[in-house]
Amino acid sequence: MIVDCFAGRSVDAKRRLYREITERLEVLGIPADHVTVIVRDIPAASWGIRGGQAACDVDLGFTVDV
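Because the structure is a prediction, the values reported are computed rather than measured.

*Asks:* So what's going on with the overall build of the chain? Which residues, and what values?
*Replies:* Looking only at helices and strands, the chain has one helix and four strands in total. What you see in the chain, going N to C, is helices and strands ordered as β-α-β-β-β. Computed over the C-alpha atoms, the radius of gyration of the chain is 15 Å, more than 25% above the 11 Å expected from 2.2 N^0.38 for a compact globule of 66 residues. Projected onto its principal axes, the C-alpha positions of the chain cover 40 × 20 × 15 Å. Restricting the contact set of the chain to residue pairs at least 6 apart, pairs at least 24 apart contribute 60%. Here the chain displays about 4,800 Å² of accessible surface, and carbon together with sulfur accounts for 53% of that area. Of the side-chain charges in the chain, 8 are positive and 10 negative, and the distance between the mean point of each set is 1 Å.

See the structure below:
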């Protein structure tokens with residue numbers, strides 16, 4: 001599984017994400033050791049959103065520094 005997200009999340013936040021994804025897939029019968037999660041941290045300046053604006057110029061309504 002690949003997760004694209006704005007850069008800024010801590011290693012601890014990513015660890016929680018890995019565990020949560022793995023646990024939810026286990027419920028569906030997918031063994032934890034068959035799950036690979038790749039987080040691609042992409043700078044907000046590299047995302048074009050909301051009508052062609054750079055994400056770094058948009059008030060997202062949430063903090064990415066987690």
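Resuming the write-up.
*Asks:* I'd like a description of unusual backbone geometry, backed by residues and values.
*Replies:* Positive phi is not limited to glycine here, since R50 has a value of about 45°. Along the polypeptide, R50 turns up in the loop between β3 (48-49) and β4 (53-54).

*Asks:* I'd like a rundown of helix α1 (residues 11-27), residues and numbers included.
*Replies:* If you check α1, its first and last C-alpha atoms are 25 Å apart, about what 17 residues at 1.5 Å a residue would give, namely 24 Å. Among all positions of α1, only A13, K14, I21, T22 and L25 are buried. Down the axis of α1, the buried set is contained in an arc of 165°. They therefore lie on one face. Buried-residue contacts for α1 involve β1 (2-6) and β2 (38-42). Of the residues trailing α1, G29 is marked for its positive phi of about 95°.

*Asks:* Quick rundown of the pairing of β2? Include the residues and the values.
*Replies:* With five bridges connecting them, β1 and β2 associate as parallel partners. Looking at the pairing, D4 lines up with R40 of β2. Following the backbone out of β1, through α1 and into the adjacent parallel β2, one traces a crossover that is right-handed.

*Asks:* Explain the pattern of salt bridges residue by residue, including any values.
*Replies:* In this structure the tally under the stated criterion is four salt bridges. K14 is the partner of D41 in a salt bridge, and the nearest nitrogen-oxygen pair spans 2.4 Å. With D41 in strand β2 and K14 in helix α1, the pair connects residues that are 27 residues apart, well separated along the chain. Taking relative accessible area as the criterion, K14 reaches 16% and is therefore assigned buried. Put simply, R24 and E20 hold a salt bridge, and the shortest N to O gap is 2.6 Å. Of this pair, R24 and E20 both sit in helix α1, four residues apart, roughly one helical turn.

Conventions and cut-offs
- Residues numbered from 1 in each chain as written.
- Predicted model: local features only at pLDDT ≥ 70, side-chain atom pairs only at ≥ 80, totals over all residues.
- Heavy atoms only, no water.
- Helix = DSSP H or I, 4+ residues; strand = E, 2+ residues; numbered from the N terminus.
- Rg over C-alpha atoms; globule rule 2.2 N^0.38 Å.
- Contact = heavy atoms within 4.5 Å.
- Areas by Shrake-Rupley, 256 points an atom, 1.4 Å probe, with all protein chains shown as cover.
- Lys, Arg positive; Asp, Glu negative; His and termini not counted.
- Charge placed at Lys NZ, Arg CZ, Asp CG, Glu CD.
- Expected span 1.5 Å × (residues − 1).
- Buried < 20%, exposed > 50% of the residue type's maximum accessible area, 1.4 Å probe, protein only.
- Arc of directions from axis to C-beta.
- Pairing = 2+ DSSP bridges.
- Right-handed = clockwise from strand over helix to strand, strands pointing away.
- Salt bridge = Lys/Arg side-chain N within 4 Å of Asp/Glu carboxyl O.

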